[in-house]
Amino acid sequence: MKLVTFKTGNRERLGIVVNQQVYDLHYCDPMIPGNMNHFLNGGEPLMQRAKGIEKKIKNYELNVLVQKEYDLLAPVPHPTSCRDGYAFRQHVAAARRNRGVPMIPEFDQYPIFYFTNHNAIYGPGELQCMPDHFNKLDFELEVAIVIGKRGRNITASNADSYIAGYMIMNDMSARTLQMEEMLLNLGPAKGKDFATVIGPWLVTPDELEQYKVDAKDGHVGNAYNLEMTCRVNDIEASRGNMADMDWTFAEIIERTSYGADIFPGDVIGSGTVGTGCFLELNGTGLLNDKSYQTQWLQPGDKVEMEITGLGLLTNTIVEEQSDWSILNLKKANSHENV
């Protein structure tokens, strides 16, 4: 299934996409809640009810109205938490090479993640950013999962059953803010907390069976051959494949759930695919050519992310009209090194 959250008037609604048309699931079956969080908390019984609705619509057994006027929101507009991983070795190795440091061996020992702001989740459409964000504003091309049932201390061999579905993720990044904080070995916090984009819909795992491939040697969990691309103003900037994930989502869930509960509605990103951001592309370009013209996102830019089976996620970057700057608030250093 392809599940969405859409807005009509001031109301958020849970929908299902069938033959590229959106249907209100609660209207189709009053036993199905009208929002994504309640639906996910209902677990497998509600998933099966929704699949029954999908089947009836496809077979013309249910006479319901197609939604004509609506705004598509993030599929999970109010996640219970939002984490982002670091699963693609190609991206990590390239970024470190571009900084002149060797590949870190710990990458191959365990999968890591960080928490980002689950209250700054966006879907398709305009994406407003503050002026400081445009000081090296970047996209990050990723895949994300949504957790479908509560669990704790989950082994990787069982973890895929906790995944309710998959989405495209754009982990928006303000690189100047990010790098300032990480000089102090903390962050990325302000470099990431203003916007995480997911969508356009949540795709249930059964839809991706045809793309399933083996995980990389020594790894456990489902992997998928899904082409990933990002275009900026109709020009392709990035291309990769979900199958290039070194750490699987199952392994990330295993680490995430150690000693901590995960909940329906938790969102977990894969981390950036190789070539999946301007930071990496600019670094590689400058490494090969000192006159390389770097590129960052600008007001008015159109960002399109497309992943096989997961759809097309489109945003237009908009600058908020403000003269407020936290970059200008830095204090002079009053402590001299001794």
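Please read all numbers here as calculations on a predicted model, not as lab measurements.

Caption draft 1: Fine view of the overall build of the protein. A count of helices and strands for the protein gives eight helices and 20 strands. Over its C-alpha trace the protein gives a radius of gyration of 21 Å, about what one expects of a compact globule, namely 20 Å for 338 residues. Its C-alpha atoms give the protein principal-axis dimensions of roughly 75 × 50 × 35 Å. Considering only intrachain contacts with a sequence separation of at least 6, the fraction spanning at least 24 residues in the protein is 72%. With the model as given, the accessible surface of the protein reaches about 16600 Å², and the carbon-plus-sulfur share is 48%. Here the protein contributes 31 positively and 44 negatively charged side chains, and the mean placements of these two sets differ by 3 Å.

Caption draft 2: Highlighting the sheet that holds strand β8 (residues 125-129). Strands sit in the order β8-β20-β19-β16-β17 across an open sheet of five strands; the sheet is mixed. Whereas interior strands pair on both sides, the edge strands pair on one side only; in this sheet they are β8 and β17 (235-241). Here the strands of the sheet are splayed against their neighbours by 20° on average, with no regard to which way each runs. The sheet contact formed by strand β16 (residues 227-232) and strand β19 (residues 302-307) spans five bridges and is antiparallel.

Caption draft 3: Quick look at the state of the cysteines. In the structure shown here, the tally under the stated rule is zero disulfides. Sulfur of Cys82: no disulfide; nearest cysteine sulfur belongs to Cys129 and is 16 Å away. Counting only cysteine sulfurs, Cys230 is the nearest neighbor of Cys277, a cysteine outside any disulfide, at a range of 10 Å.

Caption draft 4: The arrangement of the pairing of strand β11 (residues 163-171) in detail. By the criterion of burial, β11 is predominantly enclosed, with nine of the nine residues buried. Inspection of the sheet shows β11 paired to strand β13 (residues 196-203) by five bridges, in the antiparallel sense. Bridge pairing in β13 links Tyr166 to Val203.

Caption draft 5: Seen up close, unusual backbone geometry. Backbone torsion omega between Gly187 and Pro188 reads 10°, so that peptide bond is classified as cis. For Pro188, the location among the structural elements is in the loop between α6 (175-182) and β13. Here the amide bond leading from Gly199 into Pro200 is cis, since omega sits at -5°, within 30 degrees of zero. Here Pro200 shows up in strand β13. Phi is positive for Gln20, close to 65°, though the residue is something other than glycine. If you trace the backbone, Gln20 turns up in the loop between β2 (11-18) and β3 (21-24). Classification of Gln20 by relative accessible area gives exposed; the value is 76%. Unusually for a residue other than glycine, Thr275 sits at a positive phi of about 70°. Examined against the element boundaries, Thr275 turns out to sit in the loop between β18 (266-269) and α8 (278-288).

Cut-off values and rules
- Residues numbered from 1 in each chain as written.
- Predicted model: local features only at pLDDT ≥ 70, side-chain atom pairs only at ≥ 80, totals over all residues.
- Heavy atoms only, no water.
- Helix = DSSP H or I, 4+ residues; strand = E, 2+ residues; numbered from the N terminus.
- Rg over C-alpha atoms; globule rule 2.2 N^0.38 Å.
- Contact = heavy atoms within 4.5 Å.
- Areas by Shrake-Rupley, 256 points an atom, 1.4 Å probe, with all protein chains shown as cover.
- Lys, Arg positive; Asp, Glu negative; His and termini not counted.
- Charge placed at Lys NZ, Arg CZ, Asp CG, Glu CD.
- Pairing = 2+ DSSP bridges.
- Axes fitted to C-alpha atoms, helices over the stretch in contact; angles between N-to-C directions.
- Disulfide = S-S within 2.5 Å.
- Buried < 20%, exposed > 50% of the residue type's maximum accessible area, 1.4 Å probe, protein only.

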